[in-house]
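What the coordinates show
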Amino acid sequence: MATTFDGRPDLVTVRVGRREIGAYAVGADGIRFVPSVDVTAIVLAAMAGTVLTAAAVAVAVRQQPAVGTVTMGPGGWVSVKRASCPPLRAAASQPRPWWAHALRAHRLVVQR
């Protein structure tokens, strides 16, 4: 193949299956291969990387539940795995809400 009548080089495309991977430019200065940019592969790789990064962040940020498995045994008793008492709050750490004053309600405090 030679150059076209207007002086531009001829292009011969190179395909692998249905995908075009580049072209040979045939001109007065010789033959050279020009690879094509596969935008679809770049976009799919970027999307896969984004999804994998988001999944890794979600797994890293995920907090373990405060209480483990809760099961009900025979007779209706409840079994709570890995349970502990919550930390006690000081009685004056938060002001009582208005409804607690109106009902004259007090906190239930664990006596140890």
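Keep in mind that this is a model prediction, so the values were computed, not measured.

Cut-offs used in this document
Each chain carries its own residue numbering, running from 1 in the written order of its sequence. The model is predicted, so local features are restricted to residues of pLDDT at least 70 and side-chain atom pairs to those at 80 or more, both for listing and for counting; the totals for chains, interfaces and linings are taken over all residues. Side-chain descriptors were evaluated using all non-hydrogen atoms of the structure, hydrogens and water having been removed beforehand. Secondary structure is summarised from DSSP: a helix means a run of H or I of at least four residues, a strand means a run of E of at least two, and numbering begins at the N terminus for each. Partly exposed describes any residue whose relative accessible area lies between the buried limit of under 20% and the exposed limit of over 50%, with all areas from a 1.4 Å probe on protein chains only and scaled to the type maximum. Here, two residues are considered to be in contact whenever any of their heavy atoms come within 4.5 Å of each other. The protein chains shown are the only cover counted for residues, whose accessible areas, like all others here, come from Shrake-Rupley with a 1.4 Å probe. Here a strand pair is declared whenever DSSP counts at least two bridges between the two strands. Every axis corresponds to a line fitted to the C-alpha atoms, with the helix fit spanning only the stretch in contact, and the corresponding angles, defined between N-to-C directions, vary from 0 to 180 degrees. What makes a salt bridge here is a side-chain nitrogen of Lys or Arg within 4 Å of a carboxyl oxygen of Asp or Glu, nothing more.

Counting its regular elements, the chain contains two helices and five strands. Listed N to C, the secondary structure of the chain is β-β-β-α-β-β-α in terms of helices and strands. Across the 112 residues in the chain, those meeting the buried criterion constitute 8%. Restricting the contact set of the chain to residue pairs at least 6 apart, pairs at least 24 apart contribute 7%. Taken as a whole, the chain presents about 10,200 Å² of accessible surface, with 64% of it coming from carbon and sulfur.

The next thing to look at is the sheet that holds strand E2 (residues 19-27). Read across the sheet, three strands follow the order E1-E2-E3 without closing on themselves; strand pairing throughout is antiparallel. Looking at which strands have only one partner, the edges of the open sheet turn out to be strand E1 (10-16) and strand E3 (30-35). Strand after strand, the sheet turns through a mean of 25° between neighbouring axes, direction not considered. Inspection of the sheet shows E2 paired to E3 by six bridges, in the antiparallel sense. Looking at the pairing, valine 26 lines up with isoleucine 31 of E3.

This paragraph deals with the pattern of salt bridges. Scanning the model with the defined rule gives two salt bridges in all. With a closest N to O distance of 2.5 Å, aspartate 38 and arginine 19 form a salt bridge. On the criterion of sequence distance, the pair formed by aspartate 38 in the loop between E3 and helix H1 (39-61) and arginine 19 in strand E2 is long-range, its members being 19 residues apart. The class for aspartate 38 is partly exposed, based on a relative accessible area of 27%.

Take glycine 30: it is sitting in strand E3. Given the relative accessible area of 29%, glycine 30 is considered partly exposed. For the pair glycine 30 and proline 9, spaced 21 residues apart in sequence, the C-alpha to C-alpha distance is 9.3 Å.

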